[in-house]
Amino acid sequence: MKVTDFLKDNILRFDGGMGTLLQAKGLVAGELPEYWNITHSDIITQIHRDYFNAGSNVVSANTFGANILKFTEDELDAVINAAVRNARCARDTSPALQPKWIALDVGPTGKMLAPYGELGFEDAVEIFSKTIRTGVKYGVDLIIIETMNDCYETKAALLAAKECCDLPVFVSNAYTEDKKLLSGTSPQAMIAMLEGMGADAIGINCSFGPKSLGEIAREYVKYASVPVLFQPNAGMPRVENGRTVFDISPNEFAREVNKVILSGVRIVGGCCGTTPEHISALTKASANVSPVPVTDKNITWVSSYTHTVDFSCGPILIGERINPTGKKKFKEALKQNDINYILNEGISQQEKGVHILDVNVGLPDIDEREMLKTTVCRLQEVTNLPLQIDTSDYNAMELSLRYYNGKAMINSVNGKKESMDMVFPLAKKYGGLIVALTLDENGIPQTARGRIEIAKRILDEAQKYGISKKDIIFDPLTMAISTDKDAARITLEAVSAIKNELQCHTSLGVSNVSFGLPQRDIINSNFFTLAMCNGLSAAIMNPYSYDMMEAYHAFNTLTGMDDNCSDYISFVQSYEKITPVTQASPVSSQGAQNSASELQSAIIKGLKERARDITANLLQNIPPMEIIQNEIIPAMDTVGDTFDKKTTFLPQLLMSAEAAKYAFDKIKEHSASNNTNKKCPFVIATVQGDIHDIGKNIVKLLLENYGFDVIDLGRDVAVDTVADAVVASHAPILGLSVLMTTTLPAMERTIEAVRKVAPRCKIVVGGAVLTEEYALSIGADKYARDALDTVRYADEVNNSFTK
């Protein structure tokens, strides 16, 4: 029986923690747990067997960190072979009678993907592919991708799994205290993307105990149409008699997890700190619980790397300005590869209030495939809006869908067989909301009924690919009333029929209706209102048009979708009836004050090339330190404040830091020396045995942009190496990062070693598995909840150090 068949009618139980059990068996800091598959196979096998005996249906092979970044190809093959063999031996020798399967456990690489880090997306896919191909070769039954805290890396891993095998794939993410991933991604955004890509089950693990994490699990159950997985920690770690322990007992763990099962979770197990005793208690507590049916939530939505846009929540505005049709300046920008012009268009439309950006770069004179991919990737650096990938070039469409971080809109498919044969497989593989045009080989029907019939055929064909109608939004085509007086009426009839008869959503390119007429906004805005009254779900429109935005806000207010009329009032008070200039004017040396505000704006928006160019012009009249103190640092402080308030998230923070770095680099080039009054030395490292350096690298980038002399020792750094670096650099502050519970003892030993040789050095620590109580108990001076908390503490230390 396949695990997915069992899952249809049963609660599926995974195992619990591995690393903490290996520590108890003698695993030392710096030792790779995966090697124990070979050197201590008896211990690994017994742990697996204990979990099967406790009631687990699935044990995860000891392969969480098995990837080509840590092992040679031969080593990777041997480690995974031994891991699967150990798990199979445990399954075969366990007397327990429940159905049993073996999962290949795939954890994060420990690196941040570009543009925020150095690891390329395709490089990440290949790293995961090598691990997964090896696991499949040795006979695993399913893939579990777990503890992922970045949306983009999660996509890379799932894509690798889907391209390498046809086994069931479960995907689990690790959330922070604010109920988002480290990348700022909401649970709904992860659900939309993962379901769209075809994950067989999705969920959450690690992070916290079952009570805290259960809130996120219930959100998954509310929105997910596939089984939900839940593997919390046994609470959070603390030190007791010199040992790291977790604070939730097996019985308490079982009670709390059982509550989440009753809310609809279908797959359960444990993560850090959990043991076979926790799983045994959970098995007994849930033995007589009937699983809650998994239902299709029928949500039509798209997502970016931060959030979703749900088409049932009122009319959705899709900005039309990133498109060369009828736009001379935009065409020229494409030909000149002026990416800043395009980015400014995206940012400006977001500021005007659109929910999604249409992205079309089709010109005969350029490489559309590469330009579309570049534009999609660069736009996602500076805006968190979902994108509509708009192209008739199927190669360009696939490449952009592959690199897109989220679930995109796909514009478009139509009723022609060739179109459906090309687009539907791409949508099935990468996920996406497909815009379907109601035309076919015979052209555009002249009646609403003719367009409905094409829509029905498109739905039937999509179903053959396993694509539900919730992932199709129809465009019944807006035609010009200047050439056909009935054109608008026919389109409106089609909009209404698609909503009421087919129960599907619709989108229109509104402005086509007025082609060839004067004062087009009058026609466009009134047609837009009529379309919304007929049930239109979304419009591709010009957000710079006051009349169009006025129609939108008035409609929402009059139909009760604008509580207290607040959005309408805000619109009337703030919207100027002008078309904004989307390409900022060149900076002149005479306009220093205006340029300074432009520099802050460029940094805040993450426009790195623009920040560099503005800085170059400012340096003609303003001293470097004045630019740093009056413009760059205040801009970063502004971003930091919004980050603290949870109105911006880590990707925006990092892109702003990158823009600030471009400005700093220009200042360094200009200066006779690089001496810009740097702050005190700051030694930073990921502790011995831990190869994850995402958190450390984020802190490093921010510290450098705040002027600290950062000495980065890297990851998996030996205790003595850290201590020696602190002494050699006379650093008054040390930062230590940890992600794995198995390496917590290494952090404690590092702190002890530094205290002996540099007792005055302040030590700040951070990482997902830490709490403030634990950090202070092992001798740290400061527990930093995030990167900015570290920077602010470092400033305090620097101020006292320089007095």
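Residues numbered from 1 in each chain as written. Predicted model: local features only at pLDDT ≥ 70, side-chain atom pairs only at ≥ 80, totals over all residues. Heavy atoms only, no water.

*Asks:* I keep staring at the overall build of the chain and nothing clicks. Help me out?
*Replies:* Scanning the chain from terminus to terminus reveals 30 helices and 25 strands. Radius of gyration (C-alpha) of the chain: 28 Å, near the 28 Å computed for a compact globule of 803 residues. Projected onto the principal axes, the alpha-carbon positions of the chain cover approximately 85 × 70 × 50 Å. A separation of at least 24 residues holds for 75% of the contacts in the chain among residues at least 6 apart in sequence. Roughly 31,000 Å² of accessible area belongs to the chain as shown, and the carbon and sulfur atoms make up 48% of that amount. Here the chain contributes 79 positive and 98 negative side-chain charges, whose respective centroids are spaced 2 Å apart. (Helix = DSSP H or I, 4+ residues; strand = E, 2+ residues; numbered from the N terminus. Rg over C-alpha atoms; globule rule 2.2 N^0.38 Å. Contact = heavy atoms within 4.5 Å. Areas by Shrake-Rupley, 256 points an atom, 1.4 Å probe, with all protein chains shown as cover. Lys, Arg positive; Asp, Glu negative; His and termini not counted. Charge placed at Lys NZ, Arg CZ, Asp CG, Glu CD.)

*Asks:* Which parts of the structure should I look at to understand the packing of helix 17 (residues 448-464) against helix 18 (residues 487-500)?
*Replies:* If you want to describe how two helices pack, look at the angle between their axes and the distance between the axes. Between helix 17 and helix 18, the least distance of the axes is 8 Å, while the angle of their chain directions is 40°. Comparing the axis directions of helix 17 and helix 18 gives the class oblique. The handedness of the crossing between helix 17 and helix 18 comes out as right-handed. Across the interface between the two elements, A448, R451 and I452 from helix 17 touch I490, T491, E493, A494, A497 and I498 from helix 18. (Axes fitted to C-alpha atoms, helices over the stretch in contact; angles between N-to-C directions. Parallel < 35°, antiparallel > 145°, perpendicular 65-115°, else oblique. Left-handed = near helix turned anticlockwise from the far one by under 90°.)

*Asks:* Honestly, the sheet that holds strand 21 (residues 681-686) in this entry has me stumped. Any pointers?
*Replies:* Neighbouring strands of a sheet are bound in pairs by backbone hydrogen bonds; such pairs are parallel or else antiparallel. Strand order in the open sheet formed by 5 strands is 22-21-23-24-25, and the pairing between neighbours is parallel. What marks the edges here is a single partner per strand, and that holds for strand 22 (709-712) and strand 25 (782-783). Here strand 21 runs beside strand 22; their pairing, made up of 4 bridges, is parallel. Each bridged residue has a counterpart across the sheet, and for F682 the counterpart in strand 22 is V710. (Pairing = 2+ DSSP bridges.)

*Asks:* Quick question: what am I supposed to make of the sheet that holds strand 6 (residues 201-206) here?
*Replies:* An order of 1-10-7-6-5-4-3-2 is seen for the 8 strands of this open sheet, with the pairing classed as parallel. The two strands at the open ends of the sheet, each matched to only one other strand, are strand 1 (12-13) and strand 2 (58-60). Against the sheet, helix 6 (residues 121-137) engages strand 3 (101-106) and strand 4 (142-148), with an angle of about 165° to strand 3.

*Asks:* Any chance you could explain the nonpolar core here in plain terms?
*Replies:* Side chains that are nonpolar tend, in soluble globular proteins, to be buried together. Grouped together as the largest cluster of nonpolar side chains are 210 residues, with contacts concentrated most on I143, I145, F528 and I632. Per-element accounting of this core gives the leading share, 10 residues, to helix 25 (residues 650-670). Not counting the four nearest positions on each side in its chain, I145 is found in contact with V106, A157, L158, A161, V169, F170, V171 and S172. Counting 31 residues, the second largest nonpolar core, distinct from the first, contains A685, A723, A731 and A780. (Core = buried A, V, L, I, M, F, W, Y, C linked by side-chain atoms within 4.5 Å. Buried < 20%, exposed > 50% of the residue type's maximum accessible area, 1.4 Å probe, protein only.)

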